[in-house]
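In case you want the letters, here they are:
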Amino acid sequence: MFRKDVLDNGIRVVSETIPVSHSVSIGIWVMVGSRDEPQEKNGISHFLEHMFFKGTERRSAKDIAIEVDSIGGELNAFTSREETTFYARTLDEHLPIALDILSDIFLHSVFDLQEIEKEKRIILEEIKMVADTPDDYVHDLYYKTAWKDNPLGQPVLGRKEVIESLKKENLIDYIEGYYYPENIVISAAGNLNPDSLLRYLDETFGRLKRNKHLNNKILPKFVGNVYGKKKGLESVHLCIGVEGLKYTDENRYSLLILNSILGNSVSSRLFQEIREKRGLAYAIFSYAASYRDTGMLTVYAATDSSKVREVIDLILKEFIIIKKDIVCKDELRKAKEQLKGNLILSLESTINKMTQIGRQEIYFSRNFAIEEMLHNIDAVTSEQVQRIAHSLFRKDSIALTTLGPVTIKEIPAL
């Protein structure tokens, strides 16, 4: 059963009780990420996420780790371009302990100076690790190519010189600016008592008082651009794509179907044509990323340097085909069943359910029941898929990024 409450200070709480589950997942969502950072502070959201785990007034970093392990739970966090999320997953009987730890790190972290310097070294190693992982690094380069100077194109991990320069007062100022009640959503799913949960949250998170911060975001403009970075690799890694849809767009289900048909499964057109039929790439897939005001539809592939031109041409060919030829009923049906199956299976996990209701509250300020989402998938027509393909795959709006021993300077128009 779904329920929504609002604490007296403005923090929204959404929960879904699942009596048959033996676990509970709870997440603290702060609506701030790398796209909210000024260039001179790029990486502070992610750095701050790490620092919340480095000691509180009552617990050291080691105490936190031992206490979580002692109940067989999971305590973690992640930073994206629009959100910073702290979450815990535990057996239902240990929820009070998990809540105590989660509220402690969120409300009472001390940000010790020695821990800050130590964490700088860890983050710098993480940045180097991504740079040495081409199938990750190419996506950072691609975002910069597609969004150019807009903060949406900044890497989540930030830049080396920024991380090295961060001070404790920068972290405190950032918390004061963005970690205010109206910017926070708490979501929980599993075998829980919503009344008990609300009482605990009211006594802890409900006491948080900070003034609302006005953040004037710059509307991103997707740039049809080409960028190649030479690197001594065995393969060329590439991302090619177009501007997509914002999170709340009414055509989002048509986009999901389009993405599924194009490259989001092993039966998709790109996987079958480029990998299975021609053997040109081991890895090829597409994905749709959506944000509060824009999005992108992207194809990633890794191939031999001698085949990169051919792979790009084949990807563009599939763009043209799906614009020109209407999707047949059988292919549409299979795409729908794949989406519905993935959705239903994913929601058997309390952490996925917690994530779903949290994001729905952030972007829609409402909950979508599973039946409504399945209905919306079933309602998509072949004509709608073709229309969304026509609107997205335009000759002047393709971004391409390559990473490897060769670079591509231009791509043919659609």
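Residues numbered from 1 in each chain as written. Predicted model: local features only at pLDDT ≥ 70, side-chain atom pairs only at ≥ 80, totals over all residues. Heavy atoms only, no water.

Draft legend 1. Looking closely at the overall build of the protein chain. Across its full length, the protein chain holds 15 helices and eleven strands. In terms of C-alpha radius of gyration, the protein chain reaches 22 Å, essentially the compact-globule figure of 22 Å for 414 residues. Considering only intrachain contacts with a sequence separation of at least 6, the fraction spanning at least 24 residues in the protein chain is 82%. With the model as given, the accessible surface of the protein chain reaches about 18900 Å², and the carbon-plus-sulfur share is 51%. Computed over 55 positive and 61 negative side-chain charges, the inter-centroid distance for the protein chain is 5 Å. (Helix = DSSP H or I, 4+ residues; strand = E, 2+ residues; numbered from the N terminus. Rg over C-alpha atoms; globule rule 2.2 N^0.38 Å. Contact = heavy atoms within 4.5 Å. Areas by Shrake-Rupley, 256 points an atom, 1.4 Å probe, with all protein chains shown as cover. Lys, Arg positive; Asp, Glu negative; His and termini not counted. Charge placed at Lys NZ, Arg CZ, Asp CG, Glu CD.)

Draft legend 2. The arrangement of the sheet that holds strand β4 (residues 74-79) in detail. The sheet built from six strands is open, its strands ordered β1-β2-β6-β3-β5-β4 with mixed pairing. Two strands bound the open sheet, and with one partner strand each, they are β1 (2-6) and β4. Strand-to-strand twist in this sheet, taken as the mean axis angle between neighbours without regard to direction, amounts to 15 degrees. Note: β4 against strand β5 (residues 84-91), six bridges, orientation antiparallel. In the strand pairing of β5, Glu74 is matched with Arg89. Sitting on the sheet, helix α8 (residues 194-203) is in contact with β1, β2 (12-17), β3 (23-30) and β6 (184-190), with an inclination near 155 degrees to β2. (Pairing = 2+ DSSP bridges. Axes fitted to C-alpha atoms, helices over the stretch in contact; angles between N-to-C directions.)

Draft legend 3. Region of interest: the pairing of β1. Looking at chain direction, β1 and β2 are connected through five bridges and run antiparallel. Residue pairing for β2: Val6 is matched across the bridge by Arg12. Hairpin connection from β1 to β2: five residues lie between these consecutive antiparallel strands, with Gly10 at a positive phi of about 105 degrees.

Draft legend 4. How the structure looks around the side chain of Arg81. Checked against the element boundaries, Arg81 lands in the loop between β4 and β5. In terms of polar contacts, Arg81 uses its side chain to reach the backbone carbonyl oxygen of Leu152, at 3.0 Å. A distance of 3.4 Å separates the side chain of Arg81 from the backbone oxygen of Gln154, its partner in a polar contact. Dropping the residues within four chain positions of it, Arg81 is found in contact with Gly33, Ser34, Arg35, Asp36, Asp140, Tyr143, Leu152, Gln154, Pro155, Val156 and Tyr291. (Polar contact = N/O pair within 3.5 Å; in protein donor to acceptor, adjacent residues only side chain to side chain.)

Draft legend 5. Highlighting empty space enclosed by the protein. Scanning all chains against the criterion turns up one cavity of 30 Å³ or more. Of the volumes computed, that of the largest cavity is approximately 40 Å³. Taken together, Val68, Ile71, Gly73, Glu74, Leu75, Ala88, Arg89, Thr90, Ala98 and Ile101 make up the full set of residues lining the largest cavity. Those elements that provide at least two residues to the lining of the largest cavity are β4, β5 and α3 (95-108). Looking at the lining of the largest cavity element by element, the count peaks at three residues for β5. (1 Å grid on protein atoms, 1.4 Å probe; cavity = no way out; pocket = protein on both sides within 12 Å on 5 of 7 lines; lining within 4 Å. Points joined across faces, edges and corners; volume = space filled by probe spheres on them.)

Draft legend 6. Just the layout of surface pockets, in detail. Considering only enclosed or pocket space, the largest pocket measures out at about 1200 Å³ in volume. In terms of lining, the largest pocket is formed by 32 residues, of which the most central are Tyr247, Leu256, Ala288, Leu343 and Arg359. Elements with a minimum of two residues in the lining of the largest pocket: α9 (252-263), β9 (281-290), α12 (329-346), α13 (350-364) and α14 (370-378). Looking at which element gives the most residues to the lining of the largest pocket, the answer is α13, with seven residues. Here the lining of the largest pocket is composed, by residue class, of 17 nonpolar, ten polar and five charged. Contributing to the lining of the second largest pocket are 19 residues, with Asn42, Gln154, Pro155, Gly158 and Arg159 lying nearest its centre. Going through the elements one at a time, α4 (113-131) and α5 (134-147) are the ones with two or more residues in the lining of the second largest pocket. Among the elements that line the lining of the second largest pocket, the one with the most residues is α5, at four residues. Split by residue class, the lining of the second largest pocket holds eight nonpolar, six polar and five charged. (Nonpolar A, V, L, I, M, F, W, Y, C, P; charged D, E, K, R; others polar.)

Draft legend 7. Looking closely at α5. Along its 14 residues, α5 runs 20 Å from first to last C-alpha, staying within 8% of the 20 Å computed at 1.5 Å per residue. For α5, the tally of buried residues reaches ten of 14 residues, placing the bulk of the element in the interior. Three or more residues of α5 are buried, namely Pro134, Tyr137, Val138, His139, Leu141, Tyr142, Tyr143, Thr145, Ala146 and Trp147. Each element contacted by the buried residues of α5 is listed here: α4, β7 (226-230), β8 (236-243), β9, β10 (295-303) and β11 (398-404). (Expected span 1.5 Å × (residues − 1). Buried < 20%, exposed > 50% of the residue type's maximum accessible area, 1.4 Å probe, protein only.)

Draft legend 8. Spotlight on the sheet that holds β11. The mixed open sheet is built from five strands, whose spatial order is β7-β11-β8-β10-β9. The open sheet has two edge strands with one neighbour each: β7 and β9. This sheet shows a mean twist of 10 degrees between the axes of neighbouring strands, independent of strand direction. In terms of strand pairing, β7 meets β11 through five bridges, oriented parallel. Its bridge partner being in β11, Gly228 is matched across the sheet by Thr402. Contacting β9 and β10, α9 runs over the sheet at an angle of about 175 degrees to β9.

Draft legend 9. Geometry of the pattern of salt bridges. Here the structure, examined in full by the defined rule, presents 35 salt bridges. The partner of Glu83 in a salt bridge is Arg359, with the nearest N and O atoms 3.3 Å apart. In this pair, Glu83 is assigned in the loop between β4 and β5 and Arg359 in helix α13, connecting sequence segments 276 residues apart. What makes Glu83 buried here is its relative accessible area of 2%. (Salt bridge = Lys/Arg side-chain N within 4 Å of Asp/Glu carboxyl O.)

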